[in-house]
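Remarks on the overall topology
Below, each chain spelled out in residue letters.
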Amino acid sequence: PQPQPLQPATVRVTPQTIAYVDRVMQALGSDVAKQFGGIMAEHAQGRINTWGLIASVLLLFHGRHELIVGFEAFVPPGYKNEFSALPQYQAAQQHQAAQAAQLAQLQQQQQQLQQQQ
């Protein structure tokens, strides 16, 4: 995709956004949460474009699949399709799906053991 012009954006503060920032802080600490806030502020002030925002966040959250998937809520509507097509996002979704499948299997095994007792 071609670089987009700088465009100010706003992120509405909602219970969902507050919960996400709390998850970032719990997962990676307050320093990373502050870095995330700084990246979001740079985007809101028009200092970086949307692709710069996405690239910075993917780099900051590298390997933290749940945070990458959760970040989709912050991606502007016109970029959601492209964001969901990125290899990093797809890998994060696949990782989460695999974890969910493992959890379901463990729960099923636990139920079977309880029924046998």
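The structure under discussion appears in the preceding block.
This text gives an overview of the structure that appears in the document. (Residues numbered from 1 in each chain as written. Predicted model: local features only at pLDDT ≥ 70, side-chain atom pairs only at ≥ 80, totals over all residues. Heavy atoms only, no water.)

1. Some points on the environment of Trp-51
Relative to the helices and strands, Trp-51 is located in helix H3 (residues 50–60). Sequence-wise, Trp-51 and Phe-83 are 32 residues apart; in three dimensions their C-alpha atoms are separated by 9.2 Å. (Helix = DSSP H or I, 4+ residues; strand = E, 2+ residues; numbered from the N terminus.)

2. Overview of the nonpolar core
One finds Tyr-20, Phe-36, Ile-54, Phe-61, Phe-71 and Phe-83 to be the most contacted residues of the largest nonpolar core, which totals 25 residues. When residues of this core are traced back to their parent elements, those giving at least two are helix H1 (15–28), helix H2 (30–44), H3, helix H4 (65–71) and helix H6 (87–116). (Core = buried A, V, L, I, M, F, W, Y, C linked by side-chain atoms within 4.5 Å. Buried < 20%, exposed > 50% of the residue type's maximum accessible area, 1.4 Å probe, protein only.)

3. Remarks on the packing of aromatic side chains
As enumerated under the stated definition, the model contains eight aromatic pairs in all. Aromatic side chains Trp-51 and Tyr-79 sit 5.6 Å apart centroid to centroid with 75° between the ring planes, which places their arrangement in the edge-to-face category. Remark: Tyr-79 occurs in the loop between H4 and helix H5 (80–85) and Trp-51 occurs in helix H3; sequence separation between them is 28 residues. Among the residues examined, Tyr-79 registers a relative accessible area of 10% and is labelled buried. Their ring planes at 20° and their centres at 5.9 Å tell us that Phe-71 and Phe-74 sit as a pair that is stacked. The exposure class of Phe-71 is buried, given its relative accessible area of 1%. One aromatic cluster is present, formed by Tyr-20, Phe-36, Phe-61, Phe-71 and Phe-74 through successive ring pairs. (Phe/Tyr/Trp six-rings, centres within 6.5 Å; stacked < 30°, edge-to-face > 60°.)

4. Comments concerning H2
Over its 15 residues, H2 extends 21 Å from the first C-alpha to the last, a length consistent with the 21 Å expected when each residue adds 1.5 Å. Within the sequence span of H2, burial applies to Val-32, Ala-33, Phe-36, Ile-39, Met-40 and His-43. The buried side chains of H2 occupy one side of the element, clustering within an arc of 120° when seen end-on. Along H2, exposed side chains directed more than 90 degrees from the buried face belong to Asp-31 and Lys-34. In this structure, the buried side of H2 is in contact with H1, H3 and H4. At the exit of H2 stands Gly-46, carrying a positive phi of roughly 80°. (Expected span 1.5 Å × (residues − 1). Arc of directions from axis to C-beta. Contact = heavy atoms within 4.5 Å.)

5. Regarding the pattern of salt bridges
Throughout the structure, instances matching the rule amount to one salt bridge. Residue Glu-66 pairs with Arg-64 through a salt bridge whose shortest N-O separation is 3.0 Å. Of the residues examined, Arg-64 reaches a relative accessible area of 28% and is grouped as partly exposed. (Salt bridge = Lys/Arg side-chain N within 4 Å of Asp/Glu carboxyl O.)

6. Some details on the packing of H2 against H3
For the pair H2 and H3, the least separation of the axes is 9 Å and the interaxial angle reads 170°. Regarding the angle of H2 to H3, the classification is roughly antiparallel. Every residue of H3 that contacts H2 at Val-32, Gln-35, Phe-36, Ile-39, Met-40 and His-43 is listed here: Thr-50, Leu-53, Ser-56, Val-57 and Leu-60. Tallied by class, the residues present in the contact of H2 with H3 amount to seven nonpolar, four polar and no charged. (Axes fitted to C-alpha atoms, helices over the stretch in contact; angles between N-to-C directions. Parallel < 35°, antiparallel > 145°, perpendicular 65-115°, else oblique. Nonpolar A, V, L, I, M, F, W, Y, C, P; charged D, E, K, R; others polar.)

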